Amino acid sequence: MDEEKRPEKRERRDKSQLNAFENLYENFRNVPLKYLDMFIGLCVAALVLVIALGIINR
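The shown structure was predicted, so the numbers you read here are calculated from the model rather than taken from an experiment.

Caption draft 1: Expanded view of the overall build of the protein. In terms of helices and strands, the protein carries two helices and zero strands. Among the 58 residues that make up the protein, the fraction classed as buried is 2%. Total accessible area on the protein is roughly 6,400 Å²; 60% of this is exposed by carbon and sulfur atoms.

Below you can see the structure in the form of structure tokens.
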């Protein structure tokens, strides 16, 4: 039988050893990537809309 090759799991460090960015990313670890991408895309679209409206209403 062929043995399944799996990537080695990284050992999780204690939260006290993580820096601020690692702590932030750890909170979103279980969120699917497509939802994070949609959220970022909506934020960018909203920013562009606000800037455009600001230029038009000037």
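From this point, the discussion proceeds with the structure in view.
Caption draft 2: Quick look at helix H1 (residues 20-27). In terms of burial, H1 is largely open, as just zero of its eight residues are buried. If you check the start of H1, you find a side-chain oxygen 2.9 Å away from the backbone N of Glu-22, and it comes from Asn-19.

Caption draft 3: Looking closely at a nonpolar patch on the surface. Together, Phe-21, Leu-24, Tyr-25, Phe-28, Val-31, Tyr-35 and Met-38 make up an exposed nonpolar region whose accessible area comes to about 750 Å². Sorting the residues of the nonpolar patch by element identifies H1 and helix H2 (33-56) as the ones contributing at least two each. Ranked by residue count, the leading element in the nonpolar patch is H1, at three residues. By secondary structure assignment, the location of Tyr-35 is in helix H2. According to the relative accessible area criterion, Tyr-35 is partly exposed, its value standing at 44%.

About the thresholds
- Residues numbered from 1 in each chain as written.
- Predicted model: local features only at pLDDT ≥ 70, side-chain atom pairs only at ≥ 80, totals over all residues.
- Heavy atoms only, no water.
- Helix = DSSP H or I, 4+ residues; strand = E, 2+ residues; numbered from the N terminus.
- Buried < 20%, exposed > 50% of the residue type's maximum accessible area, 1.4 Å probe, protein only.
- Areas by Shrake-Rupley, 256 points an atom, 1.4 Å probe, with all protein chains shown as cover.
- Polar contact = N/O pair within 3.5 Å; in protein donor to acceptor, adjacent residues only side chain to side chain.
- Patch = residues over 30% accessible without salt bridge, like charges linked within 9 Å, V, L, I, M, F, W, Y side chains within 5 Å.
- Salt bridge = Lys/Arg side-chain N within 4 Å of Asp/Glu carboxyl O.

None of this, on its own, says anything about what the molecule does.
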